[in-house]
Amino acid sequence: MEIAGTTAFITGGASGIGFGIAQRLLANGARLVLADIRQDHLDEAKQFFEERQQGRNVHTIRLDVSDREQMREAAKECEAVMGGPEILVNNAGIDPSGPFEQATYQDWDYGLAINLMGPINGIMEFAPGMRRRGKGGHIVNTASLAGLTPMPSQMAIYAVAKAGVITLTESMRDSMAKDNIGCTVLMPGPIKSRIHESGQNRPDRFRQGSGLRENEEQLAQRVVSDTWMEPTEVGDMIVDAIRHNKLYVATHGNWKEQVEARFKAMIDAMPEAKPFDFGASLSVPKKED
Ligand code: NAI
Ligand code: GGE
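The present account deals with the structure reproduced in this document. (Residues numbered from 1 in each chain as written. Chains lettered and ligands numbered in written order. Predicted model: local features only at pLDDT ≥ 70, side-chain atom pairs only at ≥ 80, totals over all residues. Heavy atoms only, no water.)

Concerning the overall build of the protein chain
Rules: Runs of H or I in DSSP of at least four residues are treated as helices and runs of E of at least two as strands, each being numbered from the N terminus. Residue burial is assigned from relative accessible area. The probe radius is 1.4 Å, only protein chains are included, and a residue is buried under 20% of its type maximum, exposed over 50%, and partly exposed in between. By definition, residues are in contact when any of their heavy atoms lie within 4.5 Å. The Shrake-Rupley method, run with a 1.4 Å probe, gives the accessible areas here. Residue values count only the displayed protein chains as cover. Within this scheme the basic residues Lys and Arg register as positive and the acidic residues Asp and Glu register as negative, but His and the chain ends are omitted. Think of each charge as sitting on NZ of Lys, CZ of Arg, CG of Asp or CD of Glu.
When you go through the protein chain residue by residue, the secondary structure sums to eleven helices and seven strands. Summarising its shape, the C-alpha atoms of the protein chain cover approximately 65 × 50 × 35 Å along the three principal directions. Put simply, the protein chain has 289 residues, and 49% of those count as buried. If you take every contact in the protein chain between residues at least 6 apart in sequence, the share linking residues at least 24 apart comes to 77%. When the accessible surface of the protein chain is summed, it comes to about 14900 Å², and 53% of that surface belongs to carbon and sulfur atoms. Taking the average place of the 32 positive charges on the side chains of the protein chain and the average place of its 39 negative ones, the gap between the two points comes to 4 Å.

Following this line, the structure appears as structure tokens:
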């Protein structure tokens, strides 16, 4: 599809990968609605674009992607203020990692509410409008290579959510295609960002009863490495994926061996296929049966 003249709604659009995608979409002629839970990130992003005489093409909305009411209101506000969106980027996410044994239900609920239900809420609240306007469009969901690569238990909550985002994107594709809406799942490796500040972004209702507070405090001390990729480079990959409706974008090739070994082990676990008619068992029984 053509990016120029569209509106892009980007969750977590005021920092890191989302902000990198925002910059490259704007440079290619899109208007932006940046949605983020952090007002300081939104103010900083807005100022960045104002300094470049692009403020009028950027609208900001404070919201939490795990709050469905706020997502519904944001869809209305986006359509009213900037039009569209034709492009939806479900990117907001957090790092809920820590010792598996210490994770509580609160930590699971938090990790899945933001990283998996966030994209689902985005699709539930925005896809109907995108279909109704009939202009086609594109949906980008940010997963991670951690959703595909075998991960240690420390990363279990994160990996479960990100694996879900990959499957979600793959399985919604045929439905979206009927309305000329393309789909991309972004699977980044290490990217320069403020994901180490995740502890600050945990919504209040998920704070009491967490078992991972110590880990969040440790994560907050981590420094961004020079060797990690620039978010604008990821933004360029997303511009290309939207233009050419590419389902998968992986930013790094460094985990190919692990991913290949994982799929090989799964395929090796499968017996030789026996001839079998799945037609009857997989279809809904008819009334007269
Ligand atoms: P970041 O922290 O720099 O940016 C994320 C933005 O999302 C922040 O501005 C934050 O305030 C916002 N946010 C957090 N929770 C939110 C919520 N509930 N509702 C609305 N906004 C919220 O981090 P980064 O790294 O750019 O993260 C973006 C996405 O990329 C996440 O989904 C993350 O899991 C994913 N990712 C990041 C990688 C990395 O190396 N940085 C690698 C692979 C995936
Ligand atoms: C840069 O910070 C993070 C983070 O705090 C949590 C998760 C991630 C980055 C990523 O999604 C990635 C990095 O690619 O996940 C991995 C983390 C550790 C080992 C391998 C990973 O992905 C293959």
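Structure's up, so let's keep going.
Quick look at the site of ligand 1
To be explicit about the condition: Throughout, the term near means that a residue has one or more heavy atoms lying within 4 Å of the molecule or strand in question. Polar contact is the term for a pair of N or O atoms within 3.5 Å; when the atoms are in protein, one must be able to donate a hydrogen and the other to accept it, and sequence-neighboring residues count only if both atoms are side-chain atoms. Ten residues, namely Ala, Val, Leu, Ile, Met, Phe, Trp, Tyr, Cys and Pro, are considered nonpolar, four, namely Asp, Glu, Lys and Arg, are considered charged, and the remaining ones, Gly among them, are considered polar.
Looking at ligand 1, there are 29 residues lining it, with Ser15, Asp36, His41, Tyr158 and Ser193 nearest. Contact between ligand 1 and Leu63: a nitrogen atom at 3.4 Å from a main-chain N or O atom of the residue. Arg194 is positioned with one of its backbone polar atoms (N or O) 2.8 Å from an oxygen atom of ligand 1. Protein contact buries 97% of the 820 Å² of open area that ligand 1 shows by itself. Mapped onto the shell around ligand 1, the elements with two or more residues apiece are helix 1 (16-27) and helix 6 (156-177). Looking at the shell around ligand 1, its residues break down into 13 nonpolar, eleven polar and five charged.

Here we look at the sheet that holds strand 1 (residues 7-11)
Keep this limit in mind: Note on pairing: DSSP must find at least two bridges between two strands before they are called paired. For helices, the axis comes from a line fit to the C-alpha atoms of the stretch in contact; other axes are also lines fit to C-alpha atoms, and the angle between any two N-to-C directions lies between 0 and 180 degrees.
The seven strands are arranged 3-2-1-4-5-6-7 in an open sheet whose pairing can be described as parallel. Looking at the sheet topology across the chains shown, the edges are occupied by strand 3 (58-62) and strand 7 (248-250). In this sheet, neighbouring strand axes are inclined to one another by 15° on average, regardless of whether the strands run parallel or antiparallel. Where strand 1 and strand 4 (residues 87-90) come together, three bridges link them in parallel fashion. Counted as the bridge partner of Phe9 is Leu88 from strand 4. Contacting strand 1, strand 2 (31-36), strand 3, strand 4 and strand 6 (181-187), helix 1 crosses the sheet at an angle of about 170° to strand 1.

Quick notes on the side chain of Ser210
Note that Ser210 resides in the loop between helix 7 (198-201) and helix 8 (213-221). Looking at Ser210, its side chain comes within polar contact range of the side chain of Arg202, at 3.3 Å. Not counting residues up to four positions away in its chain, the partners in contact with Ser210 are Thr104, Gln106, Asp107 and Arg202.

Overview of the site of ligand 2
For ligand 2, the set of nearby residues contains 15 residues, the closest of which are Asp95, Ser144, Tyr158, Gly189 and Arg222. Between Pro190 and ligand 2, the recorded distance is 3.4 Å, taken from a backbone N or O atom to an oxygen atom. Here an oxygen atom of ligand 2 sits 2.8 Å away from a polar atom, N or O, in the side chain of Arg222. Isolated, ligand 2 exposes 500 Å² of accessible area, and the fraction of that covered by the protein chains is 82%.

Digging into helix 6
Stated precisely, the cut-off is as follows: One less than the residue count of a helix, multiplied by 1.5 Å, gives the span that helix is expected to have. Note on bend: the value at a residue is the angle between axes fitted to the seven residues ending there and to the seven starting there.
Its 22 residues place the ends of helix 6 32 Å apart at the C-alpha level, agreeing with the 32 Å of an ideal helix rising 1.5 Å per residue. Largest kink in helix 6: about 30°, centred on Ser171. Among all positions of helix 6, only Ala156, Ile157, Tyr158, Ala159, Ala161, Lys162, Val165, Ile166, Leu168, Thr169, Met172 and Met176 are buried.

Some points on the nonpolar core
A general tendency of soluble globular proteins is for nonpolar side chains to be buried together. Note the cut-off: Buried Ala, Val, Leu, Ile, Met, Phe, Trp, Tyr and Cys residues form a nonpolar core when they are joined through side-chain atoms within 4.5 Å.
In this structure, Ile10, Ile21, Leu25, Leu32 and Leu34 are the most contacted members of the largest nonpolar core, which totals 29 residues. Where this core is concerned, the elements lending two or more residues are strand 1, helix 1, strand 2, helix 2 (39-51), strand 4 and helix 9 (231-243). Per-element accounting of this core gives the leading share, six residues, to helix 1. Apart from the residues within four sequence positions on either side, Leu25 is in contact with Ile3, Ala8, Ile10, Ala30, Leu32, Ile87, Val239 and Ile242. With 28 residues, the next largest nonpolar core counts Val33, Ala74, Ile94 and Phe206 among its residues.

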